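# Inside the fold
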Amino acid sequence: MFLGMLVGGMHWGPMGDAIGRRSTLIPMLAINGAFGMLSAAARNVADLIVLSLIAGAGVGGIVPVVFSFLAELLPAHARGKFMVALASFWMVGFLYSAGLGWAMIPAVGWRALLVLAALPAFAAAAGCLLLLPESPRYLLVHGRVGPAQKAMQRMAAVNRVQLPSHARLRQHESHLLAAAAASGDSISHAAPQARGDACRTLLVVVAIVCLWVVGLCVQVLYEIR
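Everything numeric in this text was worked out from a predicted model, so none of it was measured.

Right, let's get into the overall build of the chain. Broken down by element type, the chain carries 11 helices and zero strands. For the chain, the α and β elements follow one another from N to C terminus as α-α-α-α-α-α-α-α-α-α-α. Taken over 225 residues, the chain has a buried fraction of 45%. For the chain, long-range pairs separated by at least 24 residues make up 75% of all intrachain contacts whose partners lie at least 6 apart in sequence. Here the chain has roughly 10,700 Å² of accessible surface; of this, 70% comes from carbon and sulfur atoms.

The biggest cluster of nonpolar side chains holds 19 residues, and the ones touching the most others in it are L25, L29, I62 and C128. When contributions to this core are tallied by element, the ones reaching two or more residues are α2 (21-38), α3 (45-73), α4 (76-108) and α5 (110-131). Here this core takes six residues from α3, the largest share from any one element. Counting six residues, the second largest nonpolar core, distinct from the first, contains Y138, L139, L140 and V145.

When charged atoms on two side chains of opposite charge get close, those side chains can pair. The full count for this structure, using the stated rule, is four salt bridges. One salt bridge in this structure joins E72 and R21, with 2.6 Å as the shortest N-O distance. One end of the pair, E72, is in helix α3; the other, R21, is in helix α2, with 51 residues separating them in the sequence. For the residue pair E72 and R21, the accessibility class agrees, reading buried in each case. R137 is paired through a salt bridge with E72; the nearest N and O atoms lie 3.7 Å apart. One end of the pair, R137, is in helix α6 (residues 136-141); the other, E72, is in helix α3, with 65 residues separating them in the sequence.

Take the packing of α2 against α5 next. Contact geometry of α2 with α5 gives a least axis separation of 8 Å together with a crossing angle of 160 degrees. Overall, the two elements α2 and α5 adopt an arrangement that is roughly antiparallel. Crossing hand, α2 versus α5: left-handed. Contacts from R22, L25, I26, L29, A30, G33, A34, G36 and M37 of α2 reach α5 at L114, V115, A118, L119, A121, F122, A124, A125, C128 and L129. Looking at the contact of α2 with α5 residue by residue, the classes come out as 16 nonpolar, two polar and one charged.

A few words now on the environment of R137. Take R137: its relative accessible area is 22%, and that puts it in the partly exposed class. Once the C-alpha coordinates of R137 and A148 are considered, the two residues, 11 residues apart in sequence, prove to be 7.4 Å apart.

With that settled, consider the packing of α4 against α5. One can describe the packing of α4 onto α5 by two numbers: an axis separation of 7 Å at closest approach and a directional angle of 135 degrees. Viewed along their axes, α4 and α5 adopt a mutual orientation that is oblique. Across the interface between the two elements, L100, G101, M104, I105 and V108 of α4 pack against W110, A112, L113 and L116 of α5. Classifying every residue of the contact of α4 with α5 by side-chain character gives eight nonpolar, one polar and no charged.

As a further point, take the confidence of the model for the chain. This prediction gives the chain a mean pLDDT of 75; 72% of its residues lie at or above 70. Of all helices and strands in the chain, the one with the weakest mean pLDDT is helix α9 (residues 187-190) (40), whereas α2 scores best (91). This model gives residues 171-181 a pLDDT under 50, and the stretch forms 22 contacts once residues within four places in sequence are excluded. Here residues 183-203 is a poorly scored stretch, pLDDT under 50, and it has 37 contacts once near neighbours within four places are set aside; other chains count.

Calculation criteria
- Residues numbered from 1 in each chain as written.
- Predicted model: local features only at pLDDT ≥ 70, side-chain atom pairs only at ≥ 80, totals over all residues.
- Heavy atoms only, no water.
- Helix = DSSP H or I, 4+ residues; strand = E, 2+ residues; numbered from the N terminus.
- Buried < 20%, exposed > 50% of the residue type's maximum accessible area, 1.4 Å probe, protein only.
- Contact = heavy atoms within 4.5 Å.
- Areas by Shrake-Rupley, 256 points an atom, 1.4 Å probe, with all protein chains shown as cover.
- Core = buried A, V, L, I, M, F, W, Y, C linked by side-chain atoms within 4.5 Å.
- Salt bridge = Lys/Arg side-chain N within 4 Å of Asp/Glu carboxyl O.
- Axes fitted to C-alpha atoms, helices over the stretch in contact; angles between N-to-C directions.
- Parallel < 35°, antiparallel > 145°, perpendicular 65-115°, else oblique.
- Left-handed = near helix turned anticlockwise from the far one by under 90°.
- Nonpolar A, V, L, I, M, F, W, Y, C, P; charged D, E, K, R; others polar.
- pLDDT = per-residue confidence, 0-100.

Right, dumping it as structure tokens:
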């Protein structure tokens, strides 16, 4: 499991920068859930080790992406507390998985426990697919101004607020963000207008809830394996 997490984190963390936060998170959740569930059908220890290794790669791919994703969806003034809240779900998952194991293993065995533990990953993947937009910052860094604008409008609609008129994104701001990302500079210094007041005031409630669920299911699978 830990070896899989190491490999997954090293490979899929950079992939989140290359193909998108959402595009990385959803397949990693699916891999996590699928191979976690298949672990319940392991015929021997070798099968269990291989399946857990692949499931661990899914966990390792989720962890770096989910924190970057949440940070990019939150306004600066709320980022710290919600990042801490996301991290706290590791302990919530620990308590949940321990209680689940205590209740289920004596009654139905460990195989049924692994099946049940994999279900939150599928639920989180479906929630991300249906509810989460791609990170506007990622889209801007890659020059996709139109989709970034649509993502912000979707976030505003979910929160029932109107985007300020000066929150429209422009192509030259995308170039500034791309240059800042390449040089490692903070986007708050490179292109403050690209973020706008809307990015500092929107409370992306749906996104936060979905990512909290992701954090919970990651911890559940991590602890049980």
